[in-house]
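Notes for the structure review
Below, each chain spelled out in residue letters.
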Amino acid sequence: MADLLLGLQWGDEGKGKIVDVLTSKYDIIARFQGGPNAGHTLEFDGIKHVLRTIPSGIFHKNSINIIGNGVVIDPTVFKQEIDGLAKFDIDIKSRLIISRKAHLILPTHRLLDAASEAAKGKAKIGSTLKGIGPTYMDKTGRNGLRVGDIELEDFKERYRALADKHEAMIKFHDVEIQYNLPELEKEFFASIEALRQLTFIDSEQYLHQAQKDGKTILCEGAQGSLLDVDFGTYPFVTSSNTTAAGACTGLGIAPNKIKEVYGIFKAYATRVGSGPFPTELFDEAGATMAKVGNEFGSVTGRQRRCGWLDLVALKYAIRVNGVTQLMMMKGDVLSGFDTLKVATSYKYKGQEIDHLPYNIEPENVQPVYTEFKGWAADLTGLTTFDSLPKELKEYIEFIEKEVEVPITIVSVGPDRKQTILK
Ligand code: GDP
Ligand code: IMO
Ligand code: MG
């Protein structure tokens, strides 16, 4: 059996922190989709670390960490990530294993991402420009290069054919993009050599055997449910299935083998990049959330847009994923607000609805709010559920009642220790 952990909003909910907290209960941590567009932050013993492609269990000595077939790997970023872990005394070679079926991000995928965004102008997605969209396009278009291809003799020729095609596509976009491809390729092939030092496996096979042997598995998602290519706020989404089904296709784990589905959400909402965000705040309250919550992207440094918690969207994400337990992050950021708001329905073209409509552009959707009394207490030093302010407990109870799923963890700070079990 496997458990599954994923984000329920627009990413950056705090998935990395919770995977790290839960890892001691699991033998294997397996990332199932996304790529270096992700930035999963872990904090412990005064160290802050941001992981991009490597699963968030890597700091626990007893865990095996798998990068699944659904992930896209940029060898250049990956090498930097591995180098960044050098000082931590981690036996990477035996603890990190990579699916041969994971696709490779080429330098030209990143350039294509940039060209495509530039060509879109104002309508741009706000991509992290890590080449995610073009790489998944090549995967589904059946043109991609996979990790296993590195072991083939004609890897370089295959690379050249695809990169040449990309160059023609970049020209097609007819935008000004500055780049030095030979320089990027030098870096790419040096990183491929570094990647080659690691262990490649048929990860679905490995995971089937692990399940047979009774090993415990935690699947780690990236991004958030509202960025899912099918169920998110399309086209302002990423290019993979960030929802529960992505764990099945991204690892080869059968749906009936998934037990707990941990849904991670912030006590408010954030979004980085473009696209609809019904409860977005443009006032002092939003600015306070951004400042207190340090809402700056861990990958691009961009300021995240902030707003109130949206229960319409949260319920939708819970249903799509079959969430069995919720984990509420960053409650500490809301300390000091006199009044808190939570969207419980939308006014959609004059009618009140409680689901996410096809078209959630701001001109169609106005959130209807329920208000709560805030709390002043600093939560960051609290360690028990009982010691939380009564107003926060009421906030939590209201959410649980509305969405009909229990909140089992309340996070009150970025550190591993600032985690309250309910
Ligand atoms: P992920 O992509 O879902 O792993 O989340 P990120 O790491 O991108 O963003 C979450 C940010 O919030 C990181 O900077 C974390 O260190 C931080 N964080 C996580 N949980 C809490 C919390 O409960 N309180 C506060 N104040 N920060 C938190
Ligand atoms: P983690 O795993 C937040 C957003 C981008 C952009 C859109 C498409 O850290 O939660 P892409 O680079 O995938 O083409 O960008 O998705 N995005 C994220 N936002 N957290 C992430 O990952 C994200 N990964 C992509 O900002 O709006
Ligand atoms: Mg992140």
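Rules of the game
Along each chain, numbering runs from 1 in the same order as the chain's sequence is written. Lettering for chains starts from A, numbering for ligands starts from 1, and both go in the order in which the items are written. Only residues with pLDDT of at least 70 get local features here, since the model is predicted, and only at 80 or more are side-chain atom pairs given and counted; chain-wide, interface and lining totals rely on the full set of residues. As a rule here, side-chain values come from all non-hydrogen atoms in the structure, and water together with hydrogens is ignored. Water is not among the atoms examined, so metal sites may look incomplete; donors are the N, O and S atoms within 2.8 Å of the metal, or within 3.2 Å for Na, K and Ca. Runs of H or I in DSSP of at least four residues are treated as helices and runs of E of at least two as strands, each being numbered from the N terminus. Each residue's exposure class comes from its accessible area (1.4 Å probe, protein chains only) as a fraction of the maximum for that residue type: buried when under 20%, exposed when over 50%, partly exposed otherwise. Any residue with a heavy atom lying within 4 Å of a molecule or strand is counted as near it. Polar contacts, as used here, are pairs of N or O atoms within 3.5 Å; protein pairs need one atom able to donate a hydrogen and one able to accept it. Residues neighboring in sequence count only if both atoms are side-chain atoms. To measure how exposed things are, a 1.4 Å probe is used in the Shrake-Rupley method; for residues, cover is taken only from the protein chains shown. Note on definitions: the grid is 1 Å and covers protein atoms alone; a cavity is a set of points where a 1.4 Å probe fits but cannot get out; a pocket is an open set with protein on both sides within 12 Å along at least five of seven lines; lining residues have an atom within 4 Å of a point. In this description, a molecule resides in a pocket or cavity if more than half of its atoms sit within 2 Å of the grid points defining it. Contacts are residue-level and defined by heavy atoms, with any inter-residue pair within 4.5 Å sufficient.

Before going further, it helps to examine the coordination of the magnesium ion (ligand 3). Surrounding the magnesium ion (ligand 3) are the protein donor atoms Asp12 (OD) and Gly39 (O), which sit 2.0 to 2.2 Å from the metal. With Asp12 in the loop between strand S1 (2–7) and helix H1 (15–22) and Gly39 in the loop between strand S2 (28–31) and strand S3 (40–44), the pair connects residues that are 27 residues apart, well separated along the chain. Asp12 sits in the partly exposed class, given a relative accessible area of 22%. The buried category is assigned to Gly39, whose relative accessible area is 9%.

Next up on the list: the site of ligand 2. Every one of the 21 residues lining ligand 2 counts as a neighbour, but Asp12, Lys15, His40, Thr128 and Thr238 are closest to it. At 3.0 Å from an oxygen atom of ligand 2 is found a side-chain nitrogen or oxygen belonging to Arg302. Compared with its free state, where it exposes 550 Å², ligand 2 has 97% of that area covered by protein. The cavity that encloses ligand 2 is the largest pocket.

Attention now goes to the environment of Leu51. Summarising the element assignment, Leu51 is placed in strand S4 (residues 47–51). What makes Leu51 buried here is its relative accessible area of 1%. As for Leu51 and Gly84, which are separated by 33 residues in sequence, their C-alpha atoms are 9.5 Å apart. Other than its neighbours up to four places away in sequence, Leu51 contacts Ala38, Gly39, His40, Leu42, Ser56, Ile58, Phe59, Glu81 and Leu85.

Once that is clear, we can look at unusual backbone geometry. The residue after Tyr234, namely Pro235, is reached through a cis peptide bond having omega 5°. On the secondary structure map, Pro235 appears in the loop between strand S10 (217–220) and helix H9 (245–251). Despite not being glycine, Leu129 shows a phi value in the positive range, around 65°. Within the fold, Leu129 resides in the loop between helix H4 (107–120) and helix H5 (132–140). One non-glycine residue, Glu404, lies in the positive phi region at around 60°. Checked against the element boundaries, Glu404 lands in the loop between helix H12 (390–403) and strand S19 (407–411).

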